[in-house]
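One letter stands for each residue in the lines below.
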Amino acid sequence: MLSFLFLTAAIYPQDPALTIGSTLTATCSVSPDLGLHASSLFWSLNGRRLPSSSYSVLSPTALSVTLPGLPASRQRSGDNLVCHNHGGHVLAGSCLYVGMPPVKPVNLTCWSRNTKDLTCRWAPGGQGETFIRTKYTLKYKFRWYGRERECEEHSAAQPYSCYIPGDLALFTPYEIWVEATNQLGSATSDVITLDILDVVTTDPPSGVCVSRVGDLEDHLTVRWESPPALKDFLFQAKYQIRYRLEDSSDWKVMDDVGNQTSCRLAGLRPGTVYFVQVRCNPVGIYGSRRAGIWSEWSHPTAASTPHSERVSSGSCDSKSGDSNSTLRRELKQFFGWVRKHAYGCSGMSIKLYDQWRVWMQKSHKTRNQVLQGDKS
């Protein structure tokens, strides 16, 4: 029975696309064979009956409805406008697609992991929401020749991105852009030009190890291995380290690591757990003059600094404190100079700094033992 009703009733316009705020007048026409008068029909939108004040009987077999100021569609598959007979049975239906035409996509960026692939990401233009199904297509081609191609591997988790798995040429510039289309229009992003070698990123450094530096209470050594996928490429890596306290979310970043695969962290808090991460930036792959793209950070590696063996100033007698105040002040100035030059991953003065730190800790330990012996 329902199939017969659908064949003998229709809504015009069928499945229209409309901009937000538009006014729509739709007409339900029924076959005279149904024996229904237009005045007995009614309309519903998304399951809710529309008021009869919005109806107009155009003929014994045609009933229209006017919908002013249409809001955006509730779902991308469209809003359901339905014509019913007096008993509520469905006679005909139409989907309303109410939204906006796409705006030019922006912020198109691409990167290649180990020169083996290409991933691109962008942002929809304007406010980003069109309220109806909008297709984004990443297209690319050689800059001077060749046909354009479409990227086909989209991610459901990241809708504004696309992945090109391989078959990419090196030493040849590409033109890349994004086209956005829906039922209301289309828009194209600016075209970017890039060479794969200029947008290379790597896997994070592997084998990150954080260890103590003997008994030095405020130092840790970080060691790591270069990304294995790029060992066969001619490039010079740059590294960054960041570290934080166990109970803090604030990372401190060291930018002066250079291309070494080890680094000394100084000026740390004694007896404290630190989390450390390393990342890599490949520079000058096959002679590229552009800086590479930073990799993701490595998984956090934890280590703790040794506990301090110093006693508090309250446990020292005043005479001892007075006699050593000048020495402590001079040492503080000296350590400030050494730390300024030895901080980070520079090898300058680190050996001298280590010698002074060991001497200081031993002298404090010896003095504390003497003080405890005098008190006993």
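Residues numbered from 1 in each chain as written. Predicted model: local features only at pLDDT ≥ 70, side-chain atom pairs only at ≥ 80, totals over all residues. Heavy atoms only, no water.

1. Focus: the pattern of salt bridges
Then, in step 1: Evaluation of the coordinates by the stated rule reveals six salt bridges.
Then, in step 2: For Arg76, the salt bridge goes to Glu129, with nearest N and O atoms at 2.8 Å. You can see Arg76 sitting in the loop between strand 7 (62-67) and strand 8 (79-84) and its partner Glu129 sitting in the loop between strand 11 (118-123) and strand 12 (135-142), a full 53 residues away along the chain.
Then, in step 3: We classify Glu129 as partly exposed; its relative accessible area is 31%.
Then, in step 4: The partner of Asp203 in a salt bridge is Arg113, with the nearest N and O atoms 3.1 Å apart. Taken together, the residues Asp203 in the loop between strand 19 (200-201) and strand 20 (206-212) and Arg113 in strand 10 (residues 106-113) connect sequence positions 90 residues apart.
Then, in step 5: A single network of salt bridges, built from pairs that share partners, joins Lys139, Glu148 and Glu179. (Salt bridge = Lys/Arg side-chain N within 4 Å of Asp/Glu carboxyl O. Helix = DSSP H or I, 4+ residues; strand = E, 2+ residues; numbered from the N terminus. Buried < 20%, exposed > 50% of the residue type's maximum accessible area, 1.4 Å probe, protein only.)

2. Structural notes on the pairing of strand 4 (residues 42-45)
Then, in step 1: Where strand 4 and strand 8 come together, four bridges link them in antiparallel fashion. Along strand 8, the bridge assignment pairs Ser44 with Val82.
Then, in step 2: Linking two consecutive strands that pair antiparallel, namely strand 4 and strand 5 (residues 48-49), is a turn of two residues; a positive phi of about 55° is found at Asn46 within it. (Pairing = 2+ DSSP bridges.)

3. A short note on the nonpolar core
Then, in step 1: With 25 residues, the main nonpolar core has Leu41, Trp43 and Leu81 as its most contacted residues.
Then, in step 2: Listing elements by their share of this core, those giving two or more residues are strand 1 (9-12), strand 3 (24-30), strand 4, strand 7, strand 8 and strand 9 (90-99). (Core = buried A, V, L, I, M, F, W, Y, C linked by side-chain atoms within 4.5 Å.)

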